[in-house]
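Here is how the chains run, residue by residue.
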Amino acid sequence: MAKPKVIVQLYPMIPTDGEEDRKARAPVGADSDAYYKAVHEWTDIVKAADEMGVWGMSTIEHHLHSEGYEVGPNPGVLNAHWAAHTKNMHVGALGYVLATQDPIRVAEETAIIDHLTHGKYFVGFARGYQKRWTDILGQASDAPASTSDGSAADILNRQIFEERLEMIVDCWTKDSVELNGQFYQAPYPIETGVQGYPGDDIARAAGAEGEVDDDGNIRRICVVPKPFQKPHPPVFIGVHKSPETIEYCARNGFHPCYFNPTDIVIDLAKMYLEEANKAGLNLRLGERQNIVRQTRIAPNRDEFKRRVMKYDIDIFKNFYSAFASHNVERADPSDEAAFAAMQNTSFLTGGTVDDAIAYWRGIFDQAPFEYITLIWHFAQQPKDLVLEEMQLFMDKVLPELDVPEYAIAAG
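Residues numbered from 1 in each chain as written. Predicted model: local features only at pLDDT ≥ 70, side-chain atom pairs only at ≥ 80, totals over all residues. Heavy atoms only, no water.

Visitor: Which parts of the structure should I look at to understand the environment of Pro-73?
Guide: Among the structural elements, Pro-73 can be located in the loop between β2 (56–59) and α3 (75–83). Taking relative accessible area as the criterion, Pro-73 reaches 42% and is therefore assigned partly exposed. Along the backbone, Pro-73 and Tyr-96 are 23 residues apart, and their C-alpha atoms lie at a distance of 9.7 Å. Discounting residues that sit within four places of it in the chain, Pro-73 has contacts with Glu-61, His-62 and His-63. (Helix = DSSP H or I, 4+ residues; strand = E, 2+ residues; numbered from the N terminus. Buried < 20%, exposed > 50% of the residue type's maximum accessible area, 1.4 Å probe, protein only. Contact = heavy atoms within 4.5 Å.)

Visitor: I tried to follow the side chain of Thr-295 on my own but got confused; where do I start?
Guide: Turning to its location among the elements, Thr-295 is positioned in strand β9 (residues 290–297). A polar contact is formed between the side chain of Thr-295 and the side chain of Thr-349, at a distance of 3.3 Å. When sequence neighbours within four positions are dropped, the list of residues in contact with Thr-295 reads Thr-349, Leu-374, Ile-375, Trp-376 and Glu-389. (Polar contact = N/O pair within 3.5 Å; in protein donor to acceptor, adjacent residues only side chain to side chain.)

Visitor: Which parts of the structure should I look at to understand the packing of helix α2 (residues 32–52) against helix α14 (residues 383–397)?
Guide: Contact geometry of α2 with α14 gives a least axis separation of 11 Å together with a crossing angle of 15°. By the angle between their directions, the pair α2 and α14 is classed as roughly parallel. α14 is crossed by α2, and the crossing has right-handed handedness. Judged by residue contacts, Glu-41, Asp-44, Ile-45, Ala-48, Ala-49 and Met-52 of α2 engage Lys-383, Val-386, Leu-387, Met-390, Gln-391 and Met-394 from α14. For the contact of α2 with α14, a count of residues per class yields eight nonpolar, one polar and three charged. (Axes fitted to C-alpha atoms, helices over the stretch in contact; angles between N-to-C directions. Parallel < 35°, antiparallel > 145°, perpendicular 65-115°, else oblique. Left-handed = near helix turned anticlockwise from the far one by under 90°. Nonpolar A, V, L, I, M, F, W, Y, C, P; charged D, E, K, R; others polar.)

Visitor: Just to check I follow, could you spell out the pairing of β9 for this structure?
Guide: The side chains of a regular strand alternate between the sheet's two faces. Counting buried positions over the eight residues of β9 gives eight, a clear majority of the element. Residues Asn-290, Val-292, Gln-294 and Arg-296 line one face of β9 and the alternating positions Ile-291, Arg-293, Thr-295 and Ile-297 line the opposite face, and both faces are buried. Bridge count for strand β8 (residues 255–258) against β9 is two bridges, and the pairing is parallel. Pairing of Tyr-258 across the sheet is with Ile-291, part of β9. Where β9 meets strand β11 (residues 371–376), five bridges bridge the pair, whose relative direction is parallel. Directly across from Val-292, in β11, lies its bridge partner Thr-373. Summarising the sheet, β9 and strand β10 (residues 348–351) pair through four bridges and their orientation is parallel. Its bridge partner lying in β10, Ile-297 is registered against Gly-351. (Pairing = 2+ DSSP bridges.)

Here you go:
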């Protein structure tokens, strides 16, 4: 037996002394001194996590958070930086929001990072639920935010997401491609290719087969570099409410990341296994699957509550619950009611070490997930306290959990 692979996901949060201080310091997300301190302390956490034996470190893509909740506009830059400071740990993103991204640029950037990490890299993709910035950065494709409700806008978001992810995989794995999608084409314009390219002779002779036609037009493209890992880095997909996403992940061998309540997670894990094996992957329950939880481990339950109230209530009450993201409902305005609501979701885990062990054993008795992703709201929660809780999880909780010897497989 082996242990689950632990991924630490830090949600980059500019620290304030509660909600009223956040309002008083508006726009705290633009405080460059605070961000400078946080981003460099983040590197300290990455290096310490590497020494602890944490399998992976990841970050998010979110933009324009002037209130300072999730200041994470470029996961690739951070991943590349971390690669220079780690020895054994994987790094990655959970993840790139594809409706706002150019698939060729994502394929290029992630392939480079895969080389910089010597193949210790994973790539996560998400559909994007925050209209505040997805509507702006997704304007080229007129991509709406994901709502996971089966509406016309939600279906369009899914179509764009799946088209672009297929294109990224093709760019990673094929010598040359023609990207002729409903929402994106390359070469452009697709009907004629790129005409009048002066370097057509050498491109025809030394480039990929079929890139240049007999008239000197660019008709296919070769996206370089190719990834270090073959066929490509492991692909993780965020899951909130949609069984369609589970089926899509299973058909393609991608790794679903569950933010759902525990009973739903177990049902989805079984669904993934059934669908993946229909596709001929021959997986076991929990393999290639990732359960995501926000965790707190404290000396006693009073201290657990104090930490949640100080480091998590603000973002839960005013942000997560406003979107009903992470499968929570909109919280009551009072902090006490919000704390109760947080405890009623299975997304917040922890308490004492014994509480944490009991919680995770209860899940792993039902499904031995290959990956666990743990979320902390750094730097709202200070670096030293994040590291203290992380060390407790690695030293006390993880040894109590067993999984089969799942392979680290791309795809």
